[in-house]
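Understanding the architecture of this molecule
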Amino acid sequence: DAKTTQPPSMDCAEGRAANLPCNHSTISGNEYVYWYRQIHSQGPQYIIHGLKNNETNEMASLIITEDRKSSTLILPHATLRDTAVYYCIVCYGGATNKLIFGTGTLLAVQP
Amino acid sequence: SAVISQKPSRDICQRGTSLTIQCQVDSQVTMMFWYRQQPGQSLTLIATANQGSEATYESGFVIDKFPISRPNLTFSTLTVSNMSPEDSSIYLCSVEELAGGFGTDTQYFGPGTRLTVL
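Let me sum up the structure you'll find in this document. No experiment lies behind these values; they were computed from the predicted model shown.

1. A short note on the sheet that holds strand β4 (residues 45-50) of chain A
All names here are of chain A. The sheet built from 5 strands is open, its strands ordered β1-β9-β8-β3-β4 with mixed pairing. With partners counted over all chains shown, the strands left at the sheet margins are β1 (9-13) and β4, one partner each. When the angles between neighbouring strand axes are averaged without regard to direction, this sheet yields 25°. Bridge analysis of strand β3 (residues 31-38) against strand β8 (residues 84-92) gives 8 bridges, and the strand direction is antiparallel. Residue pairing for β8: Tyr34 is matched across the bridge by Ile89.

Right under this line is the structure:
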């Protein structure tokens, strides 16, 4: 079973920041938080991952709480092309990197 | 990141037949994985394709139904055998790209193969 809980859907206005929450209260000390998204049945696209520090790349920012029991993915300026299902996954890095997908959050960016 | 291609991109098959799906990556990778995504559902891991040894299957998936080959570090195939309409899904391969140095490895996915079984 997935070890994360996400809201099933969210709306966001185009040009605004999209903040997608994820709860992972049973995360262990050496498990990472990964975010992927899937645009209409294409292959999932890697977005970002982190262990305990906040991370930022060209796509998004990842904010992990100090107790690591929850995190937020931030898309700073959402566009219509960001409409997708976003998956938050916790797993160990390295050769045991099995990704267990939950149901994700369907983000609908509105014009 | 690695560039991954899958063939075919989609197919419509008759029940009782088999289909082999190919996954090709443009660089050598250690780990390759096969996933299934049934209509309206999330992704489920089928197996890990190991180079030079048998694949490792997840609970609920067996080699007779989903035989996997991994002849080298850039290629793998998944066969869906004796198909039934319940096998209609998107089948995806992924590869694990080593981070090297600090950081952890990341999986990247192919575009998927959309299979419809009549």
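2. Brief notes about the nonpolar core
Trp34(B), Tyr35(B) and Ile46(B) are the most contacted members of the largest nonpolar core, which has 44 residues in total. Counting 21 residues, the second-largest nonpolar core is a separate cluster that includes Trp35(A), Leu62(A), Val90(A) and Leu107(A).

3. Regarding the state of the cysteines
A complete count under the given rule lists 2 disulfides over all chains for this structure. Linked covalently through their sulfurs, Cys22(A) and Cys88(A) form a disulfide whose S-S length is 2.1 Å. Torsion about the S-S bond of the Cys22(A) and Cys88(A) cystine: about -80°, corresponding to left-handed handedness. In this pair, Cys22(A) is assigned in strand β2 (residues 18-23) and Cys88(A) in strand β8, connecting sequence segments 66 residues apart. By relative accessible area, which is 1% here, Cys22(A) ends up buried. Overall, Cys88(A) belongs to the buried group, its relative accessible area being 0%. Between the sulfur of Cys23(B) and that of Cys93(B) lies a disulfide, 2.0 Å long from S to S. As the torsion about the S-S bond is roughly 70°, the Cys23(B)-Cys93(B) disulfide counts as right-handed.

4. Some words on the interface of chain A and chain B
Taken together, the contacts link 19 residues of chain A with 20 residues of chain B. Here chain A and chain B share an interface that buries about 1,600 Å² over both sides, 51% of which is from carbon and sulfur atoms. Where chain A meets chain B, there are 0 salt bridges. Elements with a contribution of two residues or more to the side of chain A that touches chain B: β3 and β4 of chain A. A total of 4 residues in the side of chain A that touches chain B trace back to one element, the largest contributor, which is β3(A).

Basis of the calculations
- Residues numbered from 1 in each chain as written.
- Chains lettered and ligands numbered in written order.
- Predicted model: local features only at pLDDT ≥ 70, side-chain atom pairs only at ≥ 80, totals over all residues.
- Heavy atoms only, no water.
- Pairing = 2+ DSSP bridges.
- Helix = DSSP H or I, 4+ residues; strand = E, 2+ residues; numbered from the N terminus.
- Axes fitted to C-alpha atoms, helices over the stretch in contact; angles between N-to-C directions.
- Core = buried A, V, L, I, M, F, W, Y, C linked by side-chain atoms within 4.5 Å.
- Buried < 20%, exposed > 50% of the residue type's maximum accessible area, 1.4 Å probe, protein only.
- Disulfide = S-S within 2.5 Å.
- Contact = heavy atoms within 4.5 Å.
- Buried area = accessible area lost by both parts, 1.4 Å probe.
- Salt bridge = Lys/Arg side-chain N within 4 Å of Asp/Glu carboxyl O.

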